[in-house]
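Understanding the architecture of this molecule
Chain residues, written in single-letter form:
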Amino acid sequence: MSGFKKIHNPLPQNTTPSQPVNIPILAANGLGLKLDHRWLWKDLSLHLYPNERVGLVGPSGSGKTLLLRTLVLLDPIQHGHISFGDRPLNSSSITQYRTQVVYLPQRPAIFDGTVEDNLKRAFTLKAQTGTYGRSRIEHYLRTLNRSEAFLTQPVRQLSGGESQLLALLRALQLKPKVLLLDEPTASLDPDTTYQVESLIDQWMVEEPDRACVWTSHDPPQIQRVTNRQIQLKGIS
């Protein structure tokens, strides 16, 4: 195994998996990514278990974002395979998989209209079976110390940080099993950063079989919000 090493921290006292820890929600085995005839990472395996919060750490250019994109199948798998629960992914299961494993990029895609228009639009996708629930969003906004007026803001007026909040709300309302968080607080001030961390913690506690993966440029944040880290070493 090359290109990464695991760093283990004990589970926090309030994180007790609801099912045997030997059954991962998401399992990636033997992943490899080659760039310009050199391996960015090779034989990389990541097993994500219920109620786990995993941090991806490593120097700039080590492939943290590329790994998240691979896990959600936005980039092709060059080597290895991914399973969700006990089932390997295939072409017929990818659409449903992406409703359960949601990726939040650093610069999220948003659409014209208001914040609430964007939240509602997520439920127009064929794979989504739920409906928009404003009361749940209002609850999330209280955790973020935001008023309901945020929902009526035109997206063209949003700052980079506010766009990240919109993307987080849009993801959480879909009730996925796994969140892949790529620098989700990079454009936020310290107070809002802690509020986002609190909101994601609440989301995890709501359902004990959820899990998340974080990247962050802030090592203390990774220590706060994760209970296990995987370090990517980069090109070899």
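Please refer to the structure higher up on the page.
A brief look at the structure comes next.

Comments concerning the pattern of salt bridges
For the structure on display, the rule yields 11 salt bridges. One salt bridge connects Arg134 with Glu116, and the closest N-O pair in it is separated by 3.0 Å. Taken together, the residues Arg134 in helix α4 (residues 134-143) and Glu116 in helix α3 (residues 115-121) connect sequence positions 18 residues apart. With relative accessibility at 30%, the residue Arg134 sits in the partly exposed group. Residues Glu206 and Arg210 are paired through a salt bridge, measuring 3.1 Å at the closest nitrogen-oxygen approach. Of the residues examined, Arg210 reaches a relative accessible area of 4% and is grouped as buried. Residues participating in the shared-partner salt-bridge network are Glu116, Arg134, Glu138 and Glu148.

A look at the layout of surface pockets
By volume, the largest pocket is sized at about 740 Å³. Residue assignment for the lining of the largest pocket shows that the elements contributing at least two residues are α2 (94-100), β7 (101-104), α3 and α5 (160-172). For the lining of the largest pocket, the element with the most residues is β7, which contributes four residues. Its residues assigned to classes, the lining of the largest pocket shows 16 nonpolar, five polar and five charged. Size it by volume and the second largest pocket reaches roughly 230 Å³. Lining the second largest pocket are 15 residues; nearest its centre among them are Phe123, Gly130, Gln173, Leu174 and Lys175. A total of three residues in the lining of the second largest pocket trace back to one element, the largest contributor, which is α2. Per-class residue counts for the lining of the second largest pocket are four nonpolar, nine polar and two charged.

Here we look at α4
Regarding α4, the residues found buried are Ile137, Glu138, Tyr140, Leu141 and Thr143. Lining the buried residues of α4 we find α3, α5 and α6 (190-206). Of the residues flanking the end of α4, it is Asn145, one or two places downstream, whose phi is positive at about 55°.

Side note on empty space enclosed by the protein
One pass over the structure, following the stated rule, counts one cavity of 30 Å³ or more. Roughly 40 Å³ of internal volume is contained in the largest cavity. Lining the largest cavity, in full, are Leu104, Pro105, Gln164, Ala167, Asp182 and Pro184. Within the lining of the largest cavity, the residues separate by chemical class into four nonpolar, one polar and one charged.

Here we look at unusual backbone geometry
Here the phi dihedral of Asp43 falls at roughly 55°; this positive angle occurs in a residue that is not glycine. Along the chain, Asp43 turns up in strand β3 (residues 38-48). Relative accessible area serves as the criterion here: at 39%, Asp43 is assigned to the partly exposed category.

Each value, and the rule that gives it
Residue numbers restart at each chain and count upward from 1, following the sequence in its written direction. For a predicted model such as this one, the threshold for reporting local features is a pLDDT of at least 70, and the threshold for listing and counting side-chain atom pairs is 80 or more; totals across whole chains, interfaces and linings nevertheless cover every residue. To obtain the side-chain values, all non-hydrogen atoms of the structure were included, while hydrogens and water were left out. Here a salt bridge means any side-chain nitrogen of Lys or Arg lying within 4 Å of a carboxyl oxygen belonging to Asp or Glu. A run of H or I in DSSP counts as a helix once it spans at least four residues, and a run of E counts as a strand once it spans at least two, with each numbered from the N terminus. Only protein chains enter the calculation, and the probe is 1.4 Å; a residue is then buried if its accessible area is under 20% of its type maximum, exposed if over 50%, and partly exposed in between. Two kinds of site are reported from a 1 Å grid over the protein atoms alone, namely cavities, where a 1.4 Å probe fits but cannot get out, and pockets, open sets with protein on both sides within 12 Å along at least five of seven lines, and residues are called lining when an atom falls within 4 Å of a point. Grid points are joined across faces, edges and corners, and a volume is the space filled by probe spheres set on the points. Amino acids are sorted into nonpolar (Ala, Val, Leu, Ile, Met, Phe, Trp, Tyr, Cys and Pro), charged (Asp, Glu, Lys and Arg) and polar (every other residue, Gly among them). Working rule for contacts: check all heavy atoms of both residues, and any pair within 4.5 Å makes them a contact.

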